[in-house]
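Residue-level structure breakdown
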Amino acid sequence: ASILLECEGVTVTCEGELVAQAEKRPLLREDIVKQIGKTGNTDFVFADLKIDVEKDAFLGLKALNELRRNALEQLKEKLLLHTFRNNEKKYEYEYKDNDKTSHIQGSFLSNGISVSVSDADQLQLFLKTDIGKQIRRLYIPFMLYQNNAQAIKSVWNKDNRLQIVISFPMVVRKKAADAIKQFFQMADLEPVHGFLMGNLEVLQIVKNETARMRWNKILIAGPGLYLFNSESSRFLWNYGVTETILSFELNEREIYSLTDKIRQDAEIVVYGNIPLMVTANCIKNTVNQCGKDFQIYLKDRYQKQFSVVTDCYLCENTIYNCVPLSLHNEGESLKKNQICRVHMLFTTETPEEIKKIFAFMYSALFQGEKGT
């Protein structure tokens, strides 16, 4: 017994058990229709079912059900593979009319390095020393930008090849949302190349504000927007997003399964302490040290230290992993996957630590030097 299934240009043929000569009641056409048509909780229904059965043939209902089940599983697997192989063309077709799309060609070797900073000392390091000349894009938290707008603009006026990107909080409650709206009304955003959003709330606020001001800034999806596949990318790109920083949770196979267009407009974090949690109960406030400048750590039962960064304006903490992510030995994989740009995420590091880390990561990824 065999069954041939066809769907969206994909065909599978599946064979089952041998058909026997009926000793009593033969297998009737309506029996086959009833059993083969039971697609149940699968992704399929029959639009057209043609049956060819010889007179006095017999096949058990269990064998019919197994034949149908095996064939539908094979069809689904082949359809998914077919869709994966062809979604690059489909994606290009759907997004080619987006006039904001930057579509950066080439690997990170030609597109350079992005850096995120968290405090004023880190910002000054990249604005006022030679290390800043080695990066292409600088991500600055919106409050840090607002407090240093003139210094940033002064550097940008001398070298506007440096792309300034404003980053917004990963979690947005009312106070943060109001602060972001106020930021757009007050800040001098002439040097700003684009905005990084880590959640849909900020994406909507930024879209509203940029539309109101008729700006043509790029919108970048942060790791918190979980761009994992063509469906999520289609949603975000239709919403105005044109680039992304890949989620921390994607592994190499999952990155490779993304379309060429996503990877060619994507950055990947190659170094950084990954944020594990944002909490609304400020630790400094809890211990009556509100506004004071000192480093906080949380210890787990293994005595490992998790650094905590407090935001005294929003009264929040961000808890970071105790071990930094480092892809310093993955340069060849990143080139193979056509990743557009590498990203270094600095949080609690001192300027001196940043210089050492930056030099090490640069030599490992761009010059192929091995190390730990």
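Residue numbering note: each chain is counted from 1, following its sequence as written. A pLDDT threshold of at least 70 governs which residues receive local features in this predicted model, and a stricter bar of 80 or more applies before side-chain atom pairs are shown or counted, although totals over entire chains, interfaces and linings include all residues. Note that the side-chain values use all heavy atoms of the structure and ignore hydrogens as well as water.

Attention shifts here to the nonpolar core. Buried together is how nonpolar side chains tend to be arranged in soluble globular proteins. Grouping buried Ala, Val, Leu, Ile, Met, Phe, Trp, Tyr and Cys residues that are joined through side-chain atoms within 4.5 Å yields what is termed a nonpolar core. Think of it in three bands: residues with accessible area under 20% of the maximum for their type are buried, residues over 50% are exposed, and the middle band is partly exposed, with areas taken using a 1.4 Å probe on protein chains only. Within the largest apolar cluster, 67 residues are counted, with the highest numbers of intra-cluster contacts made by Val 115, Phe 126, Leu 138, Tyr 145, Phe 168 and Phe 195. Here, two residues are considered to be in contact whenever any of their heavy atoms come within 4.5 Å of each other. With residues up to four places along the chain from it excluded, the contact list for Phe 126 reads Val 115, Val 117, Ile 131, Gly 132, Ile 135, Leu 138, Phe 346, Ile 354 and Phe 358. Core analysis: the next-biggest nonpolar cluster, separate from the first, contains 19 residues, Val 12, Ile 32, Leu 64 and Leu 75 among them.

A separate point is the packing of aromatic side chains. Paired rings are identified among Phe, Tyr and Trp, the last through its six-membered ring, by centres lying within 6.5 Å, and are further divided according to the angle between planes into stacked (under 30 degrees), edge-to-face (over 60) and tilted (the rest). Enumeration over the complete set of coordinates arrives at 15 aromatic pairs. These aromatic residues form a ring-pair network of at least three members: Phe 126, Tyr 271, Phe 346, Phe 358, Tyr 362 and Phe 366. Throughout this description, the term charge over a ring refers to an Arg CZ or Lys NZ atom that lies within 6 Å of the ring centre and within 35 degrees of the ring normal. The side chain of Lys 175 reaches across the aromatic face of Tyr 313, ending 4.8 Å from its centre.

Take unusual backbone geometry next. Notably, Glu 8 is not glycine yet its phi reads approximately 50°, a positive angle. With respect to the element layout, Glu 8 can be found in the loop between β1 (2-7) and β2 (10-15). Taking the relative accessible area as the measure of exposure, Glu 8 reaches 68% and is therefore exposed. Non-glycine residue Asp 56 carries a positive phi angle of around 65°. In this text, helices come from DSSP runs of H or I with a minimum length of four residues, and strands from runs of E with a minimum of two, each type numbered from the N-terminal end. Within the fold, Asp 56 resides in the loop between α1 (29-36) and β4 (57-58).

Along the chain, the position of Asn 111 falls in helix α3 (residues 108-111). Residue classification places Asn 111 among the buried residues on the basis of a relative accessible area of 8%. Each C-alpha atom of the pair Asn 111 and Arg 137 lies 9.8 Å from the other, and the pair is 26 residues apart in sequence.

Once that is clear, we can look at the pairing of strand β8 (residues 192-197). A large share of β8 lies buried, amounting to five of its six residues. Whether two strands pair depends on DSSP finding at least two bridges between them. The pairing of strand β7 (residues 163-167) with β8 spans four bridges and is parallel. Bridged to Val 165 within β8 is Gly 194. Sheet analysis places β8 next to strand β9 (residues 218-221), joined by four bridges and oriented parallel. Paired with Phe 195 across the two strands is Leu 219, which belongs to β9. Look down the strands so they point away from you; if the path from the first strand over the helix to the second goes clockwise, the crossover is right-handed. Assessed by its sense of winding, the connection that carries the chain from β8 through helix α8 (residues 200-213) to β9 is right-handed.

Note on geometry: axes are C-alpha line fits, over the in-contact stretch for helices, and angles between N-to-C directions span 0 to 180 degrees. α8 packs onto helix α7 (residues 174-186) with a crossing angle of 20° between their chain directions and a minimal axis gap of 11 Å. Taken together, the axes of α7 and α8 are roughly parallel relative to one another. In this structure, α7 meets α8 at a crossing whose hand is right-handed. Residues Ala 177, Ile 180, Lys 181, Phe 184 and Gln 185 of α7 pack against Val 202, Ile 205, Val 206, Glu 209, Thr 210, Arg 212 and Met 213 of α8. Residue composition of the contact of α7 with α8, by class: seven nonpolar, two polar and three charged. Any angle that falls under 35 degrees is termed roughly parallel, while one over 145 is termed roughly antiparallel, one within 65 to 115 roughly perpendicular, and all others oblique. Throughout, a crossing is termed right-handed when the near helix is turned clockwise from the far one, and left-handed when it is turned anticlockwise from it by less than a right angle. Side-chain classes are defined by residue name, with Ala, Val, Leu, Ile, Met, Phe, Trp, Tyr, Cys and Pro counting as nonpolar, Asp, Glu, Lys and Arg as charged, and the others, Gly among them, as polar.

Summarising the sheet, strand β13 (residues 296-299) and strand β14 (residues 305-311) pair through four bridges and their orientation is antiparallel. Bridge pairing links Lys 299 to Gln 305 in β14. The hairpin turn running from β13 into β14, its antiparallel successor, is five residues long, and Gln 303 in that turn takes a positive phi close to 65°. Relative to strand β15 (residues 316-320), β14 runs antiparallel, the two being bridged by four bridges. Residue Val 308 lies in a different strand from β15, and its bridge partner there is Ile 319. Hairpin connection of β14 to β15: four residues between the antiparallel strands, including Cys 315 at a positive phi of 60°.

To continue, consider the sheet that holds β13. Reading across from one edge, β12-β15-β14-β13 is the order of the four strands in this open sheet, with antiparallel pairing throughout. Because the sheet does not close on itself, it has two edges, and the strands there are β12 (275-279) and β13. Going from strand to strand, the sheet's axes swing by 30° on average, the running direction of each strand aside. Relative to β15, β12 is paired through four bridges, and the arrangement is antiparallel. Considered in β15, the bridge of Pro 275 is made with Tyr 320.

Now for helix α6 (residues 149-158). Three or more residues of α6 are buried, namely Ala 149, Ile 152, Lys 153 and Trp 156. Seen end-on, α6 carries its buried residues on one side only, within an arc spanning 95°. In α6, the exposed positions that point more than 90 degrees away from the buried face belong to Gln 150 and Lys 158. It is the directions from the helix axis to the C-beta atoms that the arc portrays.

A few words on the pattern of salt bridges. Every case where a carboxyl oxygen of Asp or Glu lies within 4 Å of a side-chain nitrogen of Lys or Arg is listed as a salt bridge. Per the stated rule, a full pass over the model turns up 13 salt bridges. Two residues, Lys 76 and Asp 43, come together in a salt bridge whose shortest N-O distance is 3.3 Å. Linking Lys 76 in helix α2 (residues 61-95) with Asp 43 in the loop between α1 and β4, this pair joins segments that are 33 residues apart in sequence. The class for Asp 43 is exposed, based on a relative accessible area of 56%. Residue Glu 332 is joined to Lys 335 by a salt bridge in which the shortest nitrogen-to-oxygen separation is 2.7 Å. Here Glu 332 pairs with Lys 335, and both are found in helix α13 (residues 331-336), just three residues apart, close to one helical turn. The class of Lys 335 is partly exposed, set by a relative accessible area of 30%.

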